[in-house]
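Overview (structure and organization)
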Amino acid sequence: MKYTGHDVRSHRFSSKMRGYDRLEVDAYLFKVADWLDQSVRKNEQLSLQCKDLFDQYNGLREEHANLQKILISVNELRDQAATKSGEMVEKAETDAEELINEAEVEAKKIRAKAAQDTEKLREEIARLTEQRDKILADLYETFLSQIRTLEVEGVRMGVDLARLHEEGEDVPDEESENVIKLNQKAEGDAS
């Protein structure tokens, strides 16, 4: 049963002959009624504060739960990022190693091809040098043969080519014709 200060003030007791002093009892009841009213008001205020605090507590609990979820998500993301980062570093290192290995293999191929090409060029140079030497020797022999032929023709025609060349004299007309004929014959033999 719930009493208020008004209930205490309005309550009337029956009268008896030898009882308590009515004014004193009424004064005491008024004090109790005032105290009861104050207690009810204070109780209502505390109930409201308690409700507000309970609402705040529930809000903080929800916020704490949300923060916990966020923290778990952040930790998972950090772990995933660390894992991904590690995987990316490993992949980059693997890719770099593969590129280096491929480059080394390609460099070996290029060096081997260059060595082969160098050897072919050396062989070609040696072959061309031999050809040049042979051609020079053949030309030398041809020139010697031509000189011998010219000398034989000169003797046969009676012209001393060496003498003409050394003296640098004018050749008489008759000999001049022989020299011209000799030159024409030499050109004809060459063709």
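How each quantity is defined
- Residues numbered from 1 in each chain as written.
- Predicted model: local features only at pLDDT ≥ 70, side-chain atom pairs only at ≥ 80, totals over all residues.
- Heavy atoms only, no water.
- Helix = DSSP H or I, 4+ residues; strand = E, 2+ residues; numbered from the N terminus.
- Buried < 20%, exposed > 50% of the residue type's maximum accessible area, 1.4 Å probe, protein only.
- Contact = heavy atoms within 4.5 Å.
- Areas by Shrake-Rupley, 256 points an atom, 1.4 Å probe, with all protein chains shown as cover.
- 1 Å grid on protein atoms, 1.4 Å probe; cavity = no way out; pocket = protein on both sides within 12 Å on 5 of 7 lines; lining within 4 Å.
- Points joined across faces, edges and corners; volume = space filled by probe spheres on them.
- Nonpolar A, V, L, I, M, F, W, Y, C, P; charged D, E, K, R; others polar.
- pLDDT = per-residue confidence, 0-100.
- Patch = residues over 30% accessible without salt bridge, like charges linked within 9 Å, V, L, I, M, F, W, Y side chains within 5 Å.
- Salt bridge = Lys/Arg side-chain N within 4 Å of Asp/Glu carboxyl O.
- Lys, Arg positive; Asp, Glu negative; His and termini not counted.
- Charge placed at Lys NZ, Arg CZ, Asp CG, Glu CD.

This brings us to the overall build of the protein. Within the protein one finds 4 helices and 0 strands. Ordered by position from the N terminus, the helices and strands of the protein form the series α-α-α-α. For the protein, the proportion of its 191 residues judged to be buried stands at 6%. Counting only contacts in the protein whose residues sit at least 6 apart along the sequence, the fraction spanning at least 24 positions is 56%. Entry remark: accessible area of the protein is about 17200 Å², with carbon and sulfur atoms responsible for 57%.

Turning to empty space enclosed by the protein, a few remarks are in order. One pass over the structure, following the stated rule, counts 1 cavity of 30 Å³ or more. By volume, the largest cavity amounts to about 40 Å³. If you trace the largest cavity, you find it lined by Val8, Arg9, His11, Arg12, Asp26, Leu29 and Phe30. At the level of elements, helix H1 (5–10) and helix H2 (22–157) are the ones that each hand at least two residues to the lining of the largest cavity. Ranked by the residues each element gives to the lining of the largest cavity, the list is headed by H2, at 3 residues. For the lining of the largest cavity, a count of residues per class yields 3 nonpolar, 1 polar and 3 charged.

Quick look at the confidence of the model for the protein now. Of the residues in the protein, 82% have a pLDDT of 70 or more, and the chain-wide mean is 82. When pLDDT is averaged over each element of the protein, H2 comes out on top at 89 and helix H4 (residues 173–190) at the bottom at 52.

Right, let's get into a negative patch on the surface. A surface patch of like charges, here negative, comprises Glu87, Glu90, Glu93, Glu97, Glu98 and Glu102. Its location among the elements puts Glu90 in helix H2.

A cluster of nonpolar residues, Ile135, Leu136, Leu139, Phe143 and Ile147, forms a patch on the protein surface that exposes about 480 Å² of accessible area. With respect to the helices, strands and loops of the structure, Leu139 is situated in helix H2.

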